[in-house]
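As a plain string of letters, each chain reads:
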Amino acid sequence: MLTRLTIQNFVLITDETLQIGPGLNVLTGSSGAGKSLILKALQFLLGGRPPAGLSVEKGKTPRITAEFDLPDPAARSQIAQI
């Protein structure tokens, strides 16, 4: 299970950390609030293509990190391959 997602210098997100707890977690917000950027960052982290038009300020590197809680050894093995 994804427990934390940190996004830095990614499109319009300067520095944000999402703590994800057990149970149902929901991303809500008005149009243009950045929900889709969070999903694109997660897709990019897992090997997807960067968003079209990804602009990076000079000297700032996009960084996306995630923490997973994987009690099942098979799940740990699958994530390690990614």
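In what follows, the structure referred to is the one given above.
Report on the accompanying structure. (Residues numbered from 1 in each chain as written. Predicted model: local features only at pLDDT ≥ 70, side-chain atom pairs only at ≥ 80, totals over all residues. Heavy atoms only, no water.)

## Some remarks on the overall build of the protein chain
Test applied: Per the convention used, a helix needs a DSSP run of H or I reaching at least four residues, while a strand needs a run of E reaching at least two, with both numbered from the N terminus. Buried residues are those whose accessible area, probed at 1.4 Å on protein chains only, stays under 20% of the maximum for their type, while exposed residues exceed 50% and partly exposed ones sit between those limits. Whether two residues are in contact is decided by their heavy atoms, any of which lying within 4.5 Å being enough. To be clear on the numbers: accessible area is Shrake-Rupley with a 1.4 Å probe, and residue cover counts the displayed protein chains and nothing else. Charge assignment in this entry is limited to Lys and Arg as positive and Asp and Glu as negative, and neither His nor the chain termini are counted. Where a charge sits is defined by one atom per residue type, namely NZ (Lys), CZ (Arg), CG (Asp) or CD (Glu).
Per the secondary structure count, the protein chain includes 2 helices and 3 strands. Expressed as lengths along the three principal axes of its C-alpha atoms, the size of the protein chain is roughly 40 × 30 × 20 Å. Residues classed as buried in the protein chain amount to 16% of the 82 residues present. Once local pairs closer than 6 in sequence are excluded, the contacts in the protein chain between residues at least 24 apart make up 56%. Working note: accessible area of the protein chain is about 6200 Å², and carbon and sulfur atoms make up 53% of it. For the protein chain, the centre of its 8 positive side-chain charges and the centre of its 6 negative side-chain charges are spaced 9 Å apart.

## A closer look at the environment of Gln19
What counts is decided by this rule: In protein, a polar contact requires one atom able to donate a hydrogen and another able to accept it; more generally it is a pair of N or O atoms within 3.5 Å, and residues adjacent in sequence count only if both atoms are side-chain atoms.
Here Gln19 lies in strand E2 (residues 13-19). C-alpha of Gln19 to C-alpha of Thr6: the two residues are 13 residues apart in sequence and 8.8 Å apart in space. In contact with Gln19, other than residues within four places in its own chain, are Thr3 and Arg4. In this structure the side chain of Gln19 is engaged in a polar contact, spanning 2.9 Å, whose partner is the side chain of Arg4.

## A short note on the pairing of E2
Note the threshold: At least two DSSP bridges between two strands are needed for those strands to be called paired.
Direction of pairing for strand E1 (residues 2-10) relative to E2: antiparallel, over a ladder of 6 bridges. Paired with Thr6 across the strands is Thr17, a residue of E2. Linkage of E1 to E2, two consecutive antiparallel strands, is achieved through a turn of 2 residues, within which Val11 is found at a positive phi near 55 degrees.

Without other data, these values stay purely geometric and don't point to any function.
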